[in-house]
Amino acid sequence: MGKEPKIIKADISEALTDSELSDIKLFLKRVEELVATEIMSGKGSNIFLNMKAKRYAPVQFSVSLPKEDYLRSFYMAFRFFYLQKERSNFLRIANLVNRRTDNEMSREYIERLKEILSGALARKQMQMYINGKEITPTLLIDLWFNAHYFHSDELKEQNLANLKRALSIDVCRFMLADAVYEASKVVIHLANALHAFAEKK
């Protein structure tokens, strides 16, 4: 993800509505649940990809991932910040804070977090295309969340099945886990910036 930003406390100048304050507190509660997962607490965050290339031979991939139970609970906690309809959606909360602050440093910090999150979800450890379509972390999250982990969307199930046939499933699972892990660190940065404010209310 590159150099992580120094944590700056969000300076919310305008009064929040009861609904907005409730959403911020829900966001912080969801972050506590995310931090408590085995992966984010450091108990099982071994997410690695190694590549070996020999002349005239296909590239070989070696993937290290946490236990599937750890991954499932991790994704369950993260989805509350990713899904657009959730009150605790990261961009929703970040934009709410920026609307309510007149402090330029706070606003710049929140915008920086949004940029880093966007980068984490578009990271290109490797460029991969299948039938002309680029395989990005965002695409993988959409397919795995909606076809495997939380829903049974038939079209996405078919697209995921096609992806598994065309590409190593371990590489796909690594890209998914790595993107969610990096994005989760940004979510926690926003929570740290909001804690001091929320504690006053």
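Scroll up to find the structure this text is about.
Starting from 1, residues in each chain are numbered consecutively following that chain's sequence as written. The predicted origin of the model limits local features to residues at a pLDDT of at least 70 and limits the giving and counting of side-chain atom pairs to 80 or more, whereas totals for whole chains, interfaces and linings rest on all residues. Note: side-chain values were computed over all heavy atoms of the structure, leaving out hydrogens and water.

Engineer: Give a detailed account of helix 1 (residues 18-35), specifying residues and quantitative values.
Structural biologist: Its 18 residues place the ends of helix 1 26 Å apart at the C-alpha level, agreeing with the 26 Å of an ideal helix rising 1.5 Å per residue. In this scheme, a residue with accessible area under 20% of its type's maximum is buried, one over 50% is exposed, and one in between is partly exposed, where area comes from a 1.4 Å probe on protein chains only. The helix count covers DSSP runs of H or I at least four residues long, the strand count covers runs of E at least two residues long, and both are numbered beginning at the N terminus. Every buried residue belonging to helix 1 is among Glu 20, Leu 21, Asp 23, Ile 24, Leu 26, Phe 27, Leu 28, Arg 30, Val 31 and Leu 34, and all of these are buried. To estimate how far a helix should extend, the number of its residues minus one is multiplied by 1.5 Å.

Engineer: Got a sec to walk through the packing of helix 1 against helix 3 (residues 90-99)? Specific residues and values, please.
Structural biologist: Across the interface, helix 1 lies against helix 3 with an axial gap of 11 Å and an inter-helix angle of 130 degrees. Taken together, the axes of helix 1 and helix 3 are oblique relative to one another. When the axes of helix 1 and helix 3 are compared, the crossing they make is left-handed. Where helix 1 abuts helix 3, its residues Glu 20, Asp 23, Ile 24 and Phe 27 lie against Phe 90, Arg 92, Ile 93, Leu 96 and Arg 99. The residue makeup of the contact of helix 1 with helix 3, split by class, is five nonpolar, no polar and four charged. Here, axes are lines fitted to C-alpha atoms. For helices the fit covers the stretch in contact, and angles between N-to-C directions go from 0 to 180 degrees. Comment on the angle field: the value is read as roughly parallel under 35 degrees, roughly antiparallel over 145, roughly perpendicular from 65 to 115, and oblique elsewhere. Crossings are classed by handedness, with left-handed meaning an anticlockwise turn of the near helix from the far one by less than a right angle and right-handed meaning a clockwise turn. Every residue pair with non-hydrogen atoms within 4.5 Å of one another is taken to be in contact. Under this grouping Gly is polar, as are all residues other than the nonpolar Ala, Val, Leu, Ile, Met, Phe, Trp, Tyr, Cys and Pro and the charged Asp, Glu, Lys and Arg.

Engineer: Please set out the nonpolar core residue by residue, giving values where relevant.
Structural biologist: What is meant by a nonpolar core is a set of buried Ala, Val, Leu, Ile, Met, Phe, Trp, Tyr and Cys residues, joined one to another through side-chain atoms within 4.5 Å. Counting 51 residues, the largest nonpolar core has Phe 27, Leu 34, Tyr 75, Phe 81, Phe 90, Leu 190 and Leu 194 as its most contacted members. Counting only elements with at least two residues in this core, the list comes to helix 1, helix 2 (68-82), helix 3, helix 4 (104-120), helix 5 (137-149) and helix 7 (169-199). Sorting elements by how many residues they give to this core places helix 7 first, with 15 residues. Not counting chain neighbours up to four residues away, the residues in contact with Phe 90 comprise Phe 27, Phe 81, Leu 113, Lys 114, Leu 117, Val 186, Val 187 and Leu 190.

Engineer: Outline the pattern of salt bridges, supporting the account with residue identities and numerical values.
Structural biologist: A pairing counts as a salt bridge when a side-chain nitrogen of Lys or Arg comes within 4 Å of a carboxyl oxygen of Asp or Glu. Evaluated as defined, the whole model comprises 10 salt bridges. One salt bridge connects Arg 87 with Asp 23, and the closest N-O pair in it is separated by 2.6 Å. Note that Arg 87 is positioned in the loop between helix 2 and helix 3 and Asp 23 in helix 1, a separation of 64 residues in sequence. A relative accessible area of 3% means that Asp 23 is categorised as buried. Residues Arg 92 and Asp 23 are paired through a salt bridge, measuring 2.7 Å at the closest nitrogen-oxygen approach. With Arg 92 in helix 3 and Asp 23 in helix 1, this pair connects stretches of sequence that are 69 residues apart. Overlapping salt bridges, with partners in common, bring together Asp 23, Arg 87 and Arg 92 in one network.

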